[in-house]
Amino acid sequence: PMLLLSGVFFPVDQMPATLQTVAGFLPLKHAIDLARPLLMGRVPAAIPLHIAVLAAYSVAAYFVALVLTRRRLLR
């Protein structure tokens, strides 16, 4: 589902408003919004926003992995 909603195959701008909102929370959409303009030789818009969202997902995943690993090791 993330591939279909994040703009990999279909432009997010042409989706209904609710799906655009959902796509805004997906990390793949932000990665695509950074990479696609670079491939076309342009500078992406809102670079700090996209990097902040990707960093937030990375930090959250790191802490979830840390907690789950500690739980399993303390058993």
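Each remark here, short or long, concerns the structure printed above.
Rules used in this analysis
- Residues numbered from 1 in each chain as written.
- Predicted model: local features only at pLDDT ≥ 70, side-chain atom pairs only at ≥ 80, totals over all residues.
- Heavy atoms only, no water.
- Helix = DSSP H or I, 4+ residues; strand = E, 2+ residues; numbered from the N terminus.
- Buried < 20%, exposed > 50% of the residue type's maximum accessible area, 1.4 Å probe, protein only.
- Contact = heavy atoms within 4.5 Å.
- Expected span 1.5 Å × (residues − 1).
- Phe/Tyr/Trp six-rings, centres within 6.5 Å; stacked < 30°, edge-to-face > 60°.

Chemist: Can you help me understand the side chain of His 30 in this one?
Modeler: When you line up the elements, His 30 lands in helix H3 (residues 27-39). We classify His 30 as buried; its relative accessible area is 6%. Residues contacting His 30, with those up to four places away along its chain left out, are Gly 24, His 50, Val 53 and Leu 54.

Chemist: Mind showing me how you'd approach H3 here?
Modeler: Since the α-helix turns once every 3.6 residues, residues separated by three or four places project in the same direction. Over its 13 residues, H3 extends 19 Å from the first C-alpha to the last, a length consistent with the 18 Å expected when each residue adds 1.5 Å. When we look at burial in H3, the residues that qualify are Lys 29, His 30, Ile 32, Leu 34 and Pro 37. Contacts made by the buried residues of H3 are with helix H2 (17-24) and helix H4 (47-73). Gly 41 sits one or two residues past H3 and shows a positive phi near 85 degrees.

Chemist: In this structure, what is going on with unusual backbone geometry? I would like to understand it.
Modeler: What you tend to see is this: most non-glycine residues have negative phi, and most peptide bonds are trans. Non-glycine residue Ala 46 carries a positive phi angle of around 55 degrees. Here Ala 46 shows up in the loop between H3 and H4.

Chemist: Could you clarify how one ought to interpret the packing of aromatic side chains in this entry?
Modeler: Counted according to the given criterion, the structure contains one aromatic pair. Ring plane angle 70 degrees and centroid distance 5.4 Å describe the contact between Tyr 62 and Phe 63, whose orientation is recorded as edge-to-face. The exposure class of Phe 63 is partly exposed, given its relative accessible area of 46%.

Chemist: Just checking my understanding: could you explain the side chain of His 50 for this structure?
Modeler: Position of His 50 among the secondary structure elements: in helix H4. Ignoring sequence-local partners within four residues, the contact set of His 50 consists of His 30, Asp 33, Leu 34 and Ala 45.

By themselves these figures say nothing about function.
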